[in-house]
Amino acid sequence: MPSHAARLDEELQSRLRDELGVAPGRASRGDLMRGLAALARQQLARRWVASDAADRRTRARRVHFLCMEFLIGRSLANTLAALGCEDAAAQAVQRHAAAWEDVQAEEADAALGNGGLGRLAACYLESMATLGLPAWGYGIRYEYGMFAQTIQDGQQVEHPDPWLEDGSPWEFPRPDVCHRIGFGGRVEQGAGPGRAPVWHPQTVVHAKAYDLLIPGHATERVGTLRLWRSAAPALIDLQAFNLGDYARAAACKNAYENISWVLYPDDRTPEGRELRLRQEYFFTSASIQDILARHLEEHGRLDNLAAQQAIHLNDSHPAIAVAELMRLLIDEHGWSWPGAWAQTRQLLSYTNHTLMPEALETWPVELLARVLPRHLEIITRIHQDWTQEARLAWPGDAARHARAALIDAEGPRVRMAHLAVLGSHHVNGVSALHGKLLRETVFADFAAHDPSRFSHVTNGVSPRRWLAQCNPALAQLIDEAIGPAWRRDLDALIGLRAWLDDGAFVARFAAARQANKRRLAAVIAHETGIAVDAASLFDVQVKRIHEYKRQLLNLMHVVWRWQSLRAAPQADWAPRTVILAGKAASGYAMARQIIRLAHDIARVVNSDADAAGRLRLVFLPNYGVSLAEVVMPAADLSQQISLAGTEASGTGNMKLALNGALTLGTADGATIEIRDCVGEENMFLFGLDADGVAARRAQGYAPREQLARDPRLAGVLEAIGTGVFSPEEPGRYLMLVDQLLREDAYLVTADFGSYLQAQERTDEAYRMPEAWARRALATVSGMGHFSADRAVAEYARRIWRVRPSG
Ligand code: 26Q
């Protein structure tokens, strides 16, 4: 693809004319986006074919990354950058009188994920390709991704996300790749080859493959993300259809095709809905069948399966893979149980992404019996074998046997995380603290039994998307200082330390950040109508709305600040803009209420004369990858204020710090490791640590005692609870306040005082802009460790044992 603007424009014009049927002189921004994507697509396809051929030729060991979510966002700028022609493309569209940013904005986000987990998977695929690993991602081609959020009367309203409506320029349908996925039916014992059981499913759904190609940066390698769409077998439609019963034919088709219809929202309280189980099995079975088929095609035998393939379970959502592999090896390929079990445990590895016990998925045995009867048999056998082992390991310790069991006798229910642990050779957490807590809490018994299998790999983010692409002003400055190699070797950022005492450089760094803040201010004005001062401190908390993330603590600080500045309007208040964004799962009432409270507080504060020029509260609707790309480069302060021990890692904390925000946070997740890398003196840490939380809970924490001790807390809760921000409905937040004072499950009231103190320290620091900018630059220089390349290289070496193949 030409890296010269004039040549690229020539090719763009022929695409517009020949492929899109558009006169180049009349091309709209959407046409330009599609024309450029078509050009890039051809290039990608060529490179992909070469990468795949090389892997086949060398019989490379592959890794397969199974994940329910891939939160990709837009791909045009990223792809053109990978192909080395982004600048030329930007200039080419200018010849058509269009702005490059506007052309990019025409592409719909591929939002096939909820948040951190899905975005991490997308960053990792990009790193796998960039590192040259022979890797395949596997997931679901949801027809509707993450819902779009609007705000009406201060409340979240969800809208469907038909991201495929106009087609995706990046998809490669593979009509020949189709696997059959069974559901229901019965198992016939001893009827198969070697007296293996035979499963007669009641229904069979087709899984059809659609590939998205993932280009590596500064390499020719292109990786694959294979997504499955569910389809009814043609025969099924025809029967009812031929009888003239069109309604029944349509209903039947829907029942099959709804499996890949829509992404489940993450409310961390899995209720065991049947469609979710069907989704999990559907994509897991299709992926495993695909892996086996490709292996057989290449090797002609299965006994070297684990030597040639690695399969990674990204969270327990695809944990049914353990039973599916066993079923395929035993029932379809005639393996013995011990042989199949050994092979399975050599193939699979598992990453856990959450600690909260209530978030760990379990399925009622009764449901599995109905939907996946053969898998339930296999799970029952694994349960029995493990129970025996546990009895030998801990004789007489019935409580422990029950706690560690695969099938929880209460319900009874199958614990999918335990299934993943039992079936994997490695289990890892996503930060040092999370790994430690996994070993000490949810997987304590397994870790005591076999400690060598447990470890952690601290998460990382893509330096390409989360610095080079989203923050070109800073990227250019860094290039001038240390050269461009940091894009593939983020540790090189440490070289910026040599510039910390160069006043002119630090001033240019501050100016680049200031420009980013003006860009965000324009977006805020456009989206919310609120005018914010780009010179004020941009105080940012952007992430899914969850009680454990404690957006409420943030709002309580805003209320306290507002009350304080009204009490002392003549005092010298450092101007501040508090920016919140994030989606609440539609069924999560408390999270929705927090969004509403943010809007109620914003309405009062933003129209108060005393707050003018000093305090603004903004809720940016529809947070997603593309909005994050504007927010990350423009934040001064990054709020990472989850209760210690609840946020497995966090990745927004990394993106914000990488772009120069200082962190205001608790000692939780990867924030602890950020502290170790950028220095505590460049952060504002507060609150209980994980041990302190455990100790406080063990004492029996009483929020009301805290209330009696801290008049600031009492004042804030009184204002919220009595309707100062909701005068039209004074009791609107009574329940919320009541819950805080009765239970306060995430110790918001316990950390409140320490949080306010930390906030005061941020004010003092921001009064010295040069010193602040220097600390921000020091922060960037320390963030090399948090590259997704480092994380993926660690997985590849230690867990997957795959090597770059060029
Ligand atoms: C489960 C069952 C039914 C419906 C939904 C779900 C579900 C869906 C998504 C449960 C959990 C999730 C997502 C979890 C997640 O995003 N975890 C985050 O993972 C990040 C990457 O490792 C971490 O940085 C975050 O700390 C962690 O919260």
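Refer to the structure presented above.
Computed from a prediction, not measured in an experiment: that's the story for all the values here. (Residues numbered from 1 in each chain as written. Predicted model: local features only at pLDDT ≥ 70, side-chain atom pairs only at ≥ 80, totals over all residues. Heavy atoms only, no water.)

Chemist: Sorry if this is basic, but what is going on with the site of the ligand here?
Modeler: Near the ligand, the surroundings consist of 20 residues, among which Leu117, His353, Asn459, Glu647 and Gly650 are the closest. Residue serine 649 places a main-chain N or O atom 3.0 Å away from an oxygen atom belonging to the ligand. Relative to its unbound accessible surface of 620 Å², the ligand loses 95% to contact with the protein. With three residues, helix α6 (residues 116-130) is the largest single contributor of residues to the shell around the ligand. Along the lines of polarity and charge, the residues of the shell around the ligand split into seven nonpolar, seven polar and six charged. (Near = heavy atom within 4 Å. Polar contact = N/O pair within 3.5 Å; in protein donor to acceptor, adjacent residues only side chain to side chain. Areas by Shrake-Rupley, 256 points an atom, 1.4 Å probe, with all protein chains shown as cover. Helix = DSSP H or I, 4+ residues; strand = E, 2+ residues; numbered from the N terminus. Nonpolar A, V, L, I, M, F, W, Y, C, P; charged D, E, K, R; others polar.)

Chemist: Help me understand the sheet that holds strand β15 (residues 407-408) in this model?
Modeler: Whenever strands of a sheet pair, they do so through backbone hydrogen bonds, lying parallel or antiparallel. Strand order across the open sheet formed by three strands is β14-β16-β15, with antiparallel pairing between neighbours. Looking at the sheet topology across the chains shown, the edges are occupied by β14 (362-364) and β15. (Pairing = 2+ DSSP bridges.)

Chemist: Would you take a moment to explain the pairing of strand β22 (residues 637-640) for this structure?
Modeler: Taken residue by residue, a regular strand's side chains alternate between the two faces of the sheet. Of the two faces of β22, the one holding Leu637 and Gln639 and the one holding Ser638 and Gln640 are both buried throughout. Here strand β19 (residues 537-542) pairs with β22 via two bridges, running parallel. When the sheet's bridge partners are listed, aspartate 539 is paired in β22 with leucine 637. Of the strand pairs in this sheet, β22 and strand β23 (residues 662-665) are connected by four bridges, and their pairing is parallel. Looking at β23, one finds that glutamine 639 is bridged to leucine 664. For the crossover that starts at β22, traverses helix α25 (residues 652-658) and ends in the parallel β23, the hand is right-handed. (Buried < 20%, exposed > 50% of the residue type's maximum accessible area, 1.4 Å probe, protein only. Right-handed = clockwise from strand over helix to strand, strands pointing away.)

Chemist: It is not clear to me how unusual backbone geometry should be interpreted in this structure. Could you clarify?
Modeler: Residue proline 412 is bonded to the preceding glycine 411 through a cis peptide linkage, with omega at -20 degrees. Assignment of secondary structure puts proline 412 in the loop between β15 and β16 (413-415). One non-glycine residue with positive phi stands out, namely aspartate 153, at about 50 degrees. Inspection of the secondary structure assignment puts aspartate 153 in the loop between β5 (148-152) and β6 (155-159). Since its relative accessible area comes to 74%, aspartate 153 is described here as exposed. Although it is not a glycine, alanine 218 sits at a positive phi angle of roughly 55 degrees. Structurally, the position occupied by alanine 218 is in the loop between β10 (203-215) and β11 (222-231). Alanine 218 sits in the exposed class, given a relative accessible area of 64%.

Chemist: Could you clarify how one ought to interpret empty space enclosed by the protein in this entry?
Modeler: Rolled over the atoms, a probe as big as a water molecule pinpoints where empty space is left. Applying the stated rule across the entire model yields four cavities of 30 Å³ or more. By volume, the largest cavity is sized at about 170 Å³. Looking at the lining of the largest cavity, the elements with two or more residues in it are α22 (551-567), α23 (589-606) and α30 (734-742). At three residues, the largest contribution of residues to the lining of the largest cavity is made by α30. Tallied by class, residues from the lining of the largest cavity come to eight nonpolar, three polar and four charged. (1 Å grid on protein atoms, 1.4 Å probe; cavity = no way out; pocket = protein on both sides within 12 Å on 5 of 7 lines; lining within 4 Å. Points joined across faces, edges and corners; volume = space filled by probe spheres on them.)

Chemist: Hey, could you run me through the layout of surface pockets in this one?
Modeler: In this structure, the second largest pocket encloses a volume near 630 Å³. Considering the residues around the second largest pocket, the lining is formed by 33 residues, among which Glu107, Ala108, Ser168, Pro169 and Trp170 are closest to the centre. Among the elements of the structure, α2 (29-58), β2 (70-73), α3 (76-82), α6 and β10 are those that each provide at least two residues to the lining of the second largest pocket. Looking at the lining of the second largest pocket, the element that brings in the most residues is α2, giving five residues. A per-class count over the lining of the second largest pocket returns 17 nonpolar, six polar and 10 charged.

Chemist: Looking at this structure, how should I read the sheet that holds strand β7 (residues 171-183)?
Modeler: If you walk across this open sheet you meet the nine strands as β7-β10-β11-β4-β1-β12-β13-β17-β18, and the pairing is mixed. Here the strands that pair on one side only, and so sit at the sheet edges, are β7 and β18 (454-456). Averaged over all adjacent pairs, the angle separating strand axes in this sheet is 25 degrees, with direction ignored. Bridging between β7 and β10 involves 10 bridges; their strand directions are antiparallel. Note on β10: the bridge partner recorded for phenylalanine 172 is aspartate 211. Contacts from helix α9 (residues 274-299) reach β1 (62-66), β4 (135-140), β7, β10, β11 and β12 (309-314) within the one sheet, and its direction differs from that of β7 by about 110 degrees. (Axes fitted to C-alpha atoms, helices over the stretch in contact; angles between N-to-C directions. Contact = heavy atoms within 4.5 Å.)

Chemist: Help me understand helix α11 (residues 321-332), please; the structure alone is not making it clear to me.
Modeler: Given 3.6 residues per helical turn, the α-helix brings residues three or four places apart onto the same face. Taking 1.5 Å of rise per residue, 12 residues should cover 16 Å, and α11 covers 15 Å from first to last C-alpha, within 8% of that figure. For α11, the tally of buried residues reaches 11 of 12 residues, placing the bulk of the element in the interior. All of the buried residues along α11 are Ala321, Val322, Ala323, Glu324, Leu325, Met326, Arg327, Leu328, Leu329, Ile330 and Asp331. Positive phi shows up at glycine 334, right after α11, with a value of about 70 degrees. (Expected span 1.5 Å × (residues − 1).)

Chemist: What is the right way to look at the packing of α22 against helix α29 (residues 711-721) in this model?
Modeler: The axes of two packed helices give the description: the angle between them and the distance between them. Two elements in contact, α22 and α29, have axes whose closest approach is 9 Å; the angle formed by their N-to-C orientations is 100 degrees. Our classification of the angle between α22 and α29 gives roughly perpendicular. Contacts from Met556, Val559, Trp560 and Gln563 of α22 reach α29 at Arg712, Leu713, Gly715, Val716, Leu717, Ala719 and Ile720. Considered class by class, the residues forming the contact of α22 with α29 number eight nonpolar, two polar and one charged. (Parallel < 35°, antiparallel > 145°, perpendicular 65-115°, else oblique.)

Chemist: I'm lost on the environment of alanine 249 in this one. Help?
Modeler: Structurally, alanine 249 can be placed in helix α8 (residues 246-257). Here alanine 249 falls in the buried class, since its relative accessible area comes to 6%. Put simply, alanine 249 and glutamine 239 are 10 residues apart on the chain and 7.8 Å apart in space, counted from C-alpha to C-alpha.

Chemist: Any chance you could explain the nonpolar core here in plain terms?
Modeler: If you look at soluble globular proteins, the nonpolar side chains tend to sit buried side by side. One finds Trp100, Tyr124, Met556 and Trp800 to be the most contacted residues of the largest nonpolar core, which totals 274 residues. Top contributing element to this core by residue count: α23, with 10 residues. Leave out the neighbours within four places in its chain, and tryptophan 800 touches Arg61, Val63, Phe65, Met128, Ala310, His312, Ser349, Val792 and Tyr795. (Core = buried A, V, L, I, M, F, W, Y, C linked by side-chain atoms within 4.5 Å.)

Chemist: Where do I start with the pattern of salt bridges in this structure?
Modeler: Opposite charge on two side chains lets them pair, provided their charged atoms get close. Counting across every chain of the model gives 61 salt bridges. Across the salt bridge formed by arginine 487 and aspartate 479, the nearest N and O atoms sit 2.9 Å from each other. Judged by its relative accessible area of 25%, aspartate 479 falls in the partly exposed class. Here aspartate 676 makes a salt bridge to arginine 675, at a shortest N to O gap of 3.3 Å. When its relative accessible area of 54% is taken as the criterion, aspartate 676 is described as exposed. Three or more residues joined by partner-sharing salt bridges are found here, namely Arg174, Asp211, Arg226, Asp290 and Arg294. (Salt bridge = Lys/Arg side-chain N within 4 Å of Asp/Glu carboxyl O.)

Chemist: So what exactly am I meant to see when it comes to the packing of aromatic side chains here?
Modeler: Given two aromatic rings, one states the distance between the centres and the angle between the planes to describe the pair. Using the criterion set out here, one finds 18 aromatic pairs in the structure. Centroid distance tyrosine 124 to tyrosine 795: 5.9 Å. Interplanar angle 65 degrees. Geometry classified as edge-to-face. Within this pair, whereas tyrosine 124 is found in helix α6, its partner tyrosine 795 is found in helix α33 (residues 788-800), the two being separated by 671 residues in sequence. Of the residues examined, tyrosine 124 reaches a relative accessible area of 1% and is grouped as buried. Ring geometry for tyrosine 795 against tryptophan 800: centres 5.1 Å apart, planes inclined by 20 degrees, an arrangement best described as stacked. An identical accessibility class is assigned to tyrosine 795 and tryptophan 800; each is buried. An aromatic cluster is present here, built from Tyr350, Trp386, Trp394, Phe443, Phe446 and Phe454 joined pairwise through their rings. It is arginine 174 that lies over the ring of tryptophan 48; its NZ or CZ is 4.8 Å from the centre. In this structure, arginine 278 packs its charged tip against the face of phenylalanine 183, placed 5.0 Å from the ring centre. (Phe/Tyr/Trp six-rings, centres within 6.5 Å; stacked < 30°, edge-to-face > 60°. Lys NZ or Arg CZ within 6 Å of the ring centre and 35° of its normal.)

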